[in-house]
Each structure stands twice: as C-alpha cells, then as structure tokens.
Amino acid sequence: MLSGILRYLRMLGGLARYTLAREMAFRGNFLVKVSVELLWMGILIAFYETVFGKTDQIAGWSKPDYFFFIGCFFTINGLIETFFLENCNEFAELVRTGDLDFLLLKPIDEQFLISCRRMDWGTAPNLLMGAILMVVALIQKGWMFDPSRVAAFIATFTFGVAIAYSFMMILTSFSVWMVRNQSLMEMWWLFSSLARYPRQIFSGRGAETLGRFFTFVVPILLVSNMPADVMVRVLDWWMVAFTAAVAIVSLWVSRRFFQVALRSYRSASS
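What counts, and where the lines are drawn
- Residues numbered from 1 in each chain as written.
- Predicted model: local features only at pLDDT ≥ 70, side-chain atom pairs only at ≥ 80, totals over all residues.
- Heavy atoms only, no water.
- Axes fitted to C-alpha atoms, helices over the stretch in contact; angles between N-to-C directions.
- Helix = DSSP H or I, 4+ residues; strand = E, 2+ residues; numbered from the N terminus.
- Parallel < 35°, antiparallel > 145°, perpendicular 65-115°, else oblique.
- Left-handed = near helix turned anticlockwise from the far one by under 90°.
- Nonpolar A, V, L, I, M, F, W, Y, C, P; charged D, E, K, R; others polar.
- Contact = heavy atoms within 4.5 Å.
- Phe/Tyr/Trp six-rings, centres within 6.5 Å; stacked < 30°, edge-to-face > 60°.
- Buried < 20%, exposed > 50% of the residue type's maximum accessible area, 1.4 Å probe, protein only.
- Lys NZ or Arg CZ within 6 Å of the ring centre and 35° of its normal.
- Core = buried A, V, L, I, M, F, W, Y, C linked by side-chain atoms within 4.5 Å.
- Patch = residues over 30% accessible without salt bridge, like charges linked within 9 Å, V, L, I, M, F, W, Y side chains within 5 Å.
- Areas by Shrake-Rupley, 256 points an atom, 1.4 Å probe, with all protein chains shown as cover.
- Salt bridge = Lys/Arg side-chain N within 4 Å of Asp/Glu carboxyl O.

1. Some thoughts on the packing of helix α3 (residues 63–97) against helix α6 (residues 125–141)
At a closest axis distance of 7 Å, the pairing of α3 and α6 adopts a crossing angle of 165°. Classed by the angle they form, the pair α3 and α6 counts as roughly antiparallel. Judged by the sense of rotation from one axis to the other, the crossing of α3 with α6 is left-handed. Residue composition of the contact of α3 with α6, by class: 13 nonpolar, seven polar and three charged.

Right, here's the structure in full:
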C-alpha cells in the first residue's frame, strides 16, 4: 500500500512540474492571474479593516480571530482551486467530446487522474497569502503555542479540504448526466461563499436554522469554521470528532457516486 501511495505522489509531482512548465510558457497570463488574486485579497482585507474600525467584534469574533479565519479560508480555497477546480470544470467537456475515453484507458485510478491531472498555479499564491494572514493574526492576538490546538487545527484543516473536495466531486459527477455543468459549478461557488463566513453570523430564528442546516445536514460551514475555531476560539473535541466523521463519510459517498456516474457514462464509440 505504501508503494502505491508513493507512486501516486510521484505522479502528482510529475503533473505539477508539467503544468508549471506550461504556465511559465505564458508568463504574462500567469502574472495577471496572480495579480487578480492579490487584488482580491487586498480588497477583502481593506473591507474588514473598515468594518473593524467601527466595531470590536463580528458575531463574537475579535479582529485577530476573524482575520485568522479569513486566512484559513483563503488557504483551503487556494488548495481546492489550485489542485481540483480547473479539472472539475473541464470534466463536462471531456464527457461531451468523448475525450474521457482516453483518460479511462490509462492504468491509473480514474478519480485521481480526472481531479488532479492539472494544477492552476495562478491561484497557488492564495495558499501563501492565507498562511501569512494567519501568522500575522496569531501574532496580533498574542497567541501562546498550544500543541493540542495545533494538532486539532492540522486535523480539522485536512478534514475541511476533504469535505470541500467531496462536495466538488459530487457536483462534478452530475456532468455525466447533465453534460453541461455550469449551473452545478455556480452551486459550488455558492457553497464556497457560505464557507467564507463564520457560522455564528447565522443568528435569529430563521438564520439559526439555516446555520444548523449548513453545519449538520450539508456541512459546508465546517470547512473553514472548524480549523479557525479550534485554533483561536473554542477547542471542542466533540466537534472535531464530528468533522472527522463527516469528512470520512463525504469521501466515501463522493467516491461511490463518482463510480456510479462512470458506470452510466456512454463512451464516444458507443
């Protein structure tokens, strides 16, 4: 099993080098994409700086805590966009043109190849920017090192990426039946927009129900909320365990659903 994991890691490294070489062939386009990501984060930081200039906290989140949350979201979202988003967006086109046949013939796991064959290096700076924002927020907070919180953060961060990836794969799999997945990807943007906000903002009778729904039924709020919560606010081991369970179930369901979708696929030759 270890040799198989190492084999896939080597392939992932090879794909990363190949896509980076392709990206560098059009440096102007790469620099524009990076500039857009920097501009977007700069606007977001300026917006929340303005908000915190008028108040001490948002839904119980202090300024350093909230900026740590934003950094956590940017890092997770950067991982998803760099490694998976472009591939999932192109899946419908592979189905429509029949080019999916060529990928299915390769002696490699189909889900790995379809979701990881290209990397969008133009969004990779989000990982670095998000990490820097988290470090700066911890310094401003005067955070004291706590190994249990760090361990919980790493675990929930990994679970959050797994949950987000699972949602994306489920939406992508629908392309086998719908062929064009523009509306499905818009739903993904809706989910990612929800993950950008702390679940504590959903207060009040109707909003609280919505917050519970997107925490326990469609648990997209767990993606960036839990890592930030355990690191700078409340370390709730029950919620950590729940997030782990959700991640495992989400990965299993998305894997099964993807396999069902592939079995329903009719190749270009059929």
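Now that the structure has been shown, the text picks up again.
2. Here we look at the packing of helix α7 (residues 147–173) against helix α11 (residues 222–232)
Orientation of α7 relative to α11, taken along the N-to-C sense of each, is 175°, at an axis distance of 8 Å. By the angle between their axes, α7 is roughly antiparallel relative to α11. Residue-level contacts link R149, V150, A152, F153, T156, F157, G160, I163 and A164 of α7 to L222, V223, M226, P227, D229, V230, M231 and V232 of α11. Its residues placed into classes, the contact of α7 with α11 shows 13 nonpolar, two polar and two charged.

3. Brief notes about the packing of aromatic side chains
For any pair of aromatic rings, the description consists of the separation of the ring centres together with the inter-plane angle of the planes. Here the structure, examined in full by the defined rule, presents 20 aromatic pairs. Ring plane angle 45° and centroid distance 6.2 Å describe the contact between F83 and F84, whose orientation is recorded as tilted. Looking at F83, the relative accessible area reads 24%, which means it is partly exposed. Residue classification places F84 among the buried positions, given a relative accessible area of 13%. We note R233 situated over the ring of W61; from NZ or CZ to the ring centre the distance is 4.6 Å.

4. Description of the nonpolar core
Grouped together as the largest cluster of nonpolar side chains are 74 residues, with contacts concentrated most on F68, L100 and W188. For this core, the leading source of residues is α3, giving 17 residues.

5. A closer look at a nonpolar patch on the surface
Where nonpolar side chains cluster on the molecular surface, the patch consists of F174, W177, M178 and V260 and spans about 350 Å² of accessible area. Structurally, W177 can be placed in helix α8 (residues 175–178).

6. Focus: the pattern of salt bridges
A side chain with one charge can pair with a side chain of the opposite charge if their charged atoms come near. Enumeration according to the criterion identifies 10 salt bridges in this entry. Notably, a salt bridge pairs D109 with R255, separated by 2.7 Å at the nearest N-O pair. Residue D109 is found in the loop between α4 (100–104) and α5 (110–116), and its partner R255 is found in helix α12 (residues 237–264); the two are separated by 146 residues along the sequence. Residue classification places R255 among the partly exposed residues on the basis of a relative accessible area of 30%. R149 serves as the salt-bridge partner of D146, at 3.9 Å between the closest nitrogen and oxygen. Taking the relative accessible area as the measure of exposure, D146 reaches 24% and is therefore partly exposed. Because the salt bridges share partners, they merge into one network encompassing E90, R117 and R118.

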